[in-house]
Amino acid sequence: MSTLELDAFAAWVEGLMRQRGYDIDNPRGGGKSRIADEAGVHRAAVTRLLQRQSMPDLETMRRIAPLLGVSVRDMLIRSGRVSPDELPLASQDLPPGGKPPTIDDFARWLGVPEGRREVFVKVVSQFLEPDGAGGDASSDVPAATEGRRRARD
């Protein structure tokens, strides 16, 4: 990895951190510690990146990406560790017939082991159906969103 690649990646991450309200510019702002705490990573990993000393490891990227509102895929590609061709989107795994993806589809795409998918679907369904209607593997995301909308109204 070249210094230019590390600098470009760090600048991109800095911008995302600032957009998300992390005060990384003021030494007493607490932004570096806050993002490290929220991501569950060492503050030193955040500091080394922002000081352009080293690229974060995969686990650090996996933990920081959601806080910054980006996918791990985007973070890995931006870091130069993989190319878009090496990490294609899962579009080939979309359900047939243009149907909206189910919670079970998302579990599969996230790599949830088959033996644990039923539990994953039940837990996620509880969050998507606050009225207690519950869902099953055939629940789709738009229907769950509609359920949340009805519950708020």
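Rules and cut-offs
Residue indices begin from 1 for each chain and proceed along its sequence in written order. It should be noted that, the model being predicted, local features are given only for residues of pLDDT at least 70 and side-chain atom pairs only at 80 or more, the latter also being counted only at that level, while totals for whole chains, interfaces and linings use all residues. Note: side-chain values were computed over all heavy atoms of the structure, leaving out hydrogens and water. Pairing of aromatic rings covers Phe, Tyr and the six-membered ring of Trp, with a centre-to-centre limit of 6.5 Å; geometry is then stacked below 30 degrees between planes, edge-to-face above 60, and tilted otherwise. Helix and strand labels come from DSSP, where a helix needs a run of H or I of at least four residues and a strand needs a run of E of at least two; each type is numbered from the N terminus. Remark: exposure states derive from per-residue accessible area (1.4 Å probe, protein chains only) relative to the maximum for the residue type, with buried under 20%, exposed over 50%, and partly exposed in between. Points on a 1 Å grid, built from protein atoms alone, make a cavity when a 1.4 Å probe fits but cannot get out and make a pocket when they are open with protein on both sides within 12 Å along at least 5 of 7 lines; residues with an atom within 4 Å of a point are the lining residues. Grid points are joined across faces, edges and corners, and a volume is the space filled by probe spheres set on the points. For this classification, the nonpolar set comprises Ala, Val, Leu, Ile, Met, Phe, Trp, Tyr, Cys and Pro, the charged set comprises Asp, Glu, Lys and Arg, and every other residue, Gly included, is treated as polar. To obtain each axis, a line is fitted to C-alpha atoms, and for helices this fit is confined to the stretch in contact; angles are then taken between N-to-C directions over 0 to 180 degrees. An angle below 35 degrees is read as roughly parallel, one above 145 as roughly antiparallel, one from 65 to 115 as roughly perpendicular, and any other as oblique. Handedness of a crossing follows from how the near helix is turned relative to the far one, being left-handed for an anticlockwise turn of less than a right angle and right-handed for a clockwise one. The contact criterion used is simple: two residues touch if any of their non-hydrogen atoms lie within 4.5 Å. In this description, a nonpolar core means a group of buried Ala, Val, Leu, Ile, Met, Phe, Trp, Tyr and Cys residues linked to one another through side-chain atoms lying within 4.5 Å. Charge assignment in this entry is limited to Lys and Arg as positive and Asp and Glu as negative, and neither His nor the chain termini are counted. By convention in these notes, a salt bridge is any Lys or Arg side-chain nitrogen within 4 Å of a carboxyl oxygen on Asp or Glu.

Chemist: Is there a simple way to explain the packing of aromatic side chains in this structure?
Modeler: Two aromatic rings are characterised by how far apart their centres lie and by the angle between their planes. In this structure the tally under the stated criterion is one aromatic pair. An angle of 45 degrees between the planes, with centres 5.9 Å apart, marks the rings of F9 and W12 as tilted. Here F9 and its partner W12 are both found in helix 1 (residues 3-19), three residues apart, which amounts to about one turn of the helix. Considered together, F9 and W12 belong to a single accessibility category, that of buried residues.

Chemist: How should the layout of surface pockets be read in this particular structure?
Modeler: Rolled over the atoms, a probe sized like a water molecule indicates the empty space that remains. Considering only enclosed or pocket space, the largest pocket measures out at about 150 Å³ in volume. Lining the largest pocket, in full, are V70, S71, V72, R73, L76, L87 and P88. Within the lining of the largest pocket, the residues separate by chemical class into five nonpolar, one polar and one charged.

Chemist: I keep staring at the packing of helix 4 (residues 58-68) against helix 5 (residues 72-79) and nothing clicks. Help me out?
Modeler: Geometrically, a packed helix pair is captured by the angle between its two axes and the distance between the axes. Relative to each other, helix 4 and helix 5 sit at 120 degrees, their axes nearing to 8 Å. With respect to helix 5, the axis of helix 4 lies oblique. Helix 4 and helix 5 meet at a crossing whose hand is right-handed. Here L58, M61, R62, I64, A65 and L68 of helix 4 come into contact with helix 5, specifically with V72, M75, L76 and S79. The residue makeup of the contact of helix 4 with helix 5, split by class, is eight nonpolar, one polar and one charged.

Chemist: Whenever I open this one, helix 6 (residues 103-110) confuses me. Can you help?
Modeler: For helix 6, the set of buried residues is I103, D105 and A107. Residues of helix 6 that are buried in the fold lie against helix 7 (117-128). Where helix 6 ends, the next residue or the one after it, G111, has phi of about 85 degrees, a positive value.

Chemist: In this structure, what is going on with the nonpolar core? I would like to understand it.
Modeler: If you look at soluble globular proteins, the nonpolar side chains tend to sit buried side by side. Judged by nonpolar contacts, the single largest core of 24 residues is most densely connected at F9, V13, M17, V46, I64, L68 and M75. With seven residues, the single largest contributor to this core is helix 1. Setting aside anything within four residues of it in sequence, one finds F9 in contact with L49, M55, P56, M61, M75, R78 and S79.

Chemist: Whenever I open this one, the environment of W12 confuses me. Can you help?
Modeler: Classification of W12 as buried rests on a relative accessible area of 16%. Residues W12 and R78 lie 66 residues apart in sequence; the distance between their C-alpha atoms is 8.4 Å. Not counting chain neighbours up to four residues away, the residues in contact with W12 comprise V70, D74, M75 and R78.

Chemist: Is there a simple way to explain the side chain of R117 in this structure?
Modeler: Counting through the fold element by element, R117 comes out in helix 7. Here R117 occupies a buried position and makes no salt bridge, while the nearest side chain of opposite charge, E114, is found at 4.6 Å. Apart from residues lying up to four places away in sequence, R117 is in contact with D104, A107, R108 and V112.

Chemist: Teacher, can you tell me more about the side chain of T60 here?
Modeler: Inspection of the secondary structure puts T60 in helix 4. Looking at T60, the relative accessible area reads 9%, which means it is buried. If sequence neighbours within four positions are ignored, T60 has contacts with V41 and A45.

Any link to function would need more than the numbers given here.
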